[in-house]
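Listed here are the chains, written in short residue letters.
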Amino acid sequence: MTRIGVLTSGGDAPGMNAALRAVVRFGIDKDMEVWGVSRGYEGLLDGELEKMDRRSVGDILQRGGTILKTARSKRFMTDEGLERAARNLDTFRIDALVVIGGNGSYQGALELSRKGVNVICIPGTIDNDLGYTDYTIGFDTAVNTVLDAITRIRDTSSAHERTSVIEVMGRHCGDIAIYSGLAGGAEAVLIPEVEPDMNDLCLKVIEGINRGRKHSIIINAEGSEYSSSEVVDILSQRTGREVKMVVLSYLQRGGSPTLQDRLLATRCGEKAIDLISSGMYNKAVGTVGGEVLGFDLEEALAQENIFNRELYDAIDVLSR
Ligand code: F6P
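Thresholds, definitions, all that
- Residues numbered from 1 in each chain as written.
- Predicted model: local features only at pLDDT ≥ 70, side-chain atom pairs only at ≥ 80, totals over all residues.
- Heavy atoms only, no water.
- Core = buried A, V, L, I, M, F, W, Y, C linked by side-chain atoms within 4.5 Å.
- Buried < 20%, exposed > 50% of the residue type's maximum accessible area, 1.4 Å probe, protein only.
- Domains from an automatic or database assignment.
- Contact = heavy atoms within 4.5 Å.
- Phe/Tyr/Trp six-rings, centres within 6.5 Å; stacked < 30°, edge-to-face > 60°.
- Near = heavy atom within 4 Å.
- Polar contact = N/O pair within 3.5 Å; in protein donor to acceptor, adjacent residues only side chain to side chain.
- Areas by Shrake-Rupley, 256 points an atom, 1.4 Å probe, with all protein chains shown as cover.
- Nonpolar A, V, L, I, M, F, W, Y, C, P; charged D, E, K, R; others polar.
- Salt bridge = Lys/Arg side-chain N within 4 Å of Asp/Glu carboxyl O.
- Helix = DSSP H or I, 4+ residues; strand = E, 2+ residues; numbered from the N terminus.

Participant: Mind showing me how you'd approach the nonpolar core here?
Facilitator: Here is a general trend for soluble globular proteins: nonpolar side chains tend to be buried in one another's company. Counting 55 residues, the largest nonpolar core has Ile4, Leu20, Val98, Ile122, Ile191 and Ile219 as its most contacted members. Two domains each put at least three residues into this core: domain 1 (3-138 + 257-302) and domain 2 (139-253). When neighbours within four sequence positions are excluded, leucine 20 is seen to be in contact with Val6, Met52, Val57, Ile60, Ile67, Leu68 and Ile100. Counting residues in hydrophobic clusters, the runner-up holds 28 residues, among them Leu45, Ala85, Ala86 and Ile94.

Structural data, given as structure tokens:
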């Protein structure tokens with residue numbers, strides 16, 4: 001009988017539980033034994049593995065966070081840590097490890113594969129920063145949370161005739177900013193991928209005020225060149241309008257996963273099990289044009305993440 005391990009690692013993302021549920025239940029359906037590893041690679045180092053059954057993943061499909069818990073492990077990313085993790089997997093007689101996480105977790109899985117461990121990765125991160133897949137699990141929910149916040153902030157900004165700078169997450173990737181900015185009707189988005197022109201931004205806000213616009217919404221991705229407080233200072237000094245800052249932070253990471261994230265998580269979990277049952281390892285599961293596929297892990301990780309320039313440009317056209 002094939003025995004597999006599964007862990008969640010890095011920043012939690014809505015839909016991680018749905019992916020875990022799919023791995024456990026599709027795995028058991030294929031006569032596999034599934035062991036859950038607590039606290040990501042940290043738990044792997046400490047031998048925190050427990051056998052799971054169909055009921056262990058009951059009532060979690062709709063829950064954010066991760067019932068396995070997660071961590072960012074510095075200990076693991078050393079040669080000693082990797083050796084120890086591989087040894088522990090051997091002790092528990094795990095044939096393959098499923099890692100649900102973002103690019104740091106993928107890098108860890110790749111290193112483990114170099115120690116002879118069979119790994120399969122599932123993209124679980126709100127950042128949408130893995131270039132090989134259309135979307136990552138958690139991104140859709142995070143963007144919907146940001147959209148809800150924009151709608152609320154717009155009401156009060158409009159009532160007070162203010163400009164609001166809303167900071168969103170995404171690390172070095174501007175996707176949360178672009179998608180929420182476009183769908184939320186923002187005046188501008190500032191993203192790490194594009195050098196900002198602050199003169200142009202201020203001019204745009206001033207033109208909007210002159211045209212009678214009651215509020216301005218500016219989305220600043222956390223990895224952008226200017227911090228949100230710098231953006232606030234520049235805008236308030238040059239536009240003469242009151243500017244407020246809202247940092248959405250961890251609000252974006254929690255909450256019940258959307259339909260899109262539940263579907264993506266479930267399909268990726270099923271694909272991970274298919275790959276293992278066909279003896280195909282060291283793969284990253286993802287979608288291209290909506291089709292769920294398994295990619296070579298090293299190549300998937302090396303693939304550049306290119307932001308959607310058309311969506312970015314559309315925000316500017318729509319808000320002028
Ligand atoms: O990768 C997900 C993410 O939420 C990023 O958007 C953010 O930069 C980071 O994690 C925050 O990490 P932590 O939970 O360690 O503060």
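Participant: What's the story with the packing of aromatic side chains in this structure? I'm lost.
Facilitator: As enumerated under the stated definition, the model contains 8 aromatic pairs in all. Each ring, one from tyrosine 135 and one from phenylalanine 139, has its centre 6.0 Å from the other, and the planes form 15°; the classification is stacked. Taken together through their ring pairs, the aromatic side chains of Tyr106, Tyr132 and Phe295 make up a single cluster.

Participant: Teacher, can you tell me more about the site of the ligand here?
Facilitator: The environment of the ligand is formed by Arg72, Thr125, Ile126, Asp127, Met169, Gly170, Arg171, Glu222, Tyr250 and Arg253. Separating an oxygen atom of the ligand from a side-chain N or O atom of tyrosine 250 is a distance of 2.3 Å. Arginine 253 places a polar side-chain atom, nitrogen or oxygen, 2.7 Å from an oxygen atom of the ligand. If the ligand stood free it would expose 400 Å²; the protein chains cover 77% of that surface. By residue class, the composition of the shell around the ligand is 3 nonpolar, 2 polar and 5 charged.

Participant: I would appreciate a short explanation of the pattern of salt bridges in the present structure.
Facilitator: As a working rule, side chains carrying opposite charge can pair if their charged atoms are close by. Under the criterion given, the structure shown has 22 salt bridges. One salt bridge connects arginine 39 with aspartate 46, and the closest N-O pair in it is separated by 3.2 Å. What makes arginine 39 partly exposed here is its relative accessible area of 26%. For aspartate 46, a relative accessible area of 36% gives the class partly exposed. Lysine 204 is paired through a salt bridge with aspartate 316; the nearest N and O atoms lie 3.0 Å apart. Taken together, the positions of lysine 204 in helix H7 (residues 198-210) and aspartate 316 in helix H11 (residues 309-318) put the pair 112 residues apart, joining distant regions of the chain. Among the residues examined, aspartate 316 registers a relative accessible area of 32% and is labelled partly exposed. Each of Arg39, Glu42, Asp46, Glu48 and Arg75 takes part in salt bridges that share partners, so that together they form one network.

Participant: Quick question: what am I supposed to make of the side chain of asparagine 88 here?
Facilitator: Position of asparagine 88 relative to the elements: it lies in helix H3 (residues 79-91). When its relative accessible area of 16% is taken as the criterion, asparagine 88 is described as buried. A distance of 3.0 Å separates the side chain of asparagine 88 from the backbone oxygen of leucine 45, its partner in a polar contact. In this structure asparagine 88 touches Leu44, Leu45, Asp46 and Gly47, once residues within four positions along its chain are discounted.

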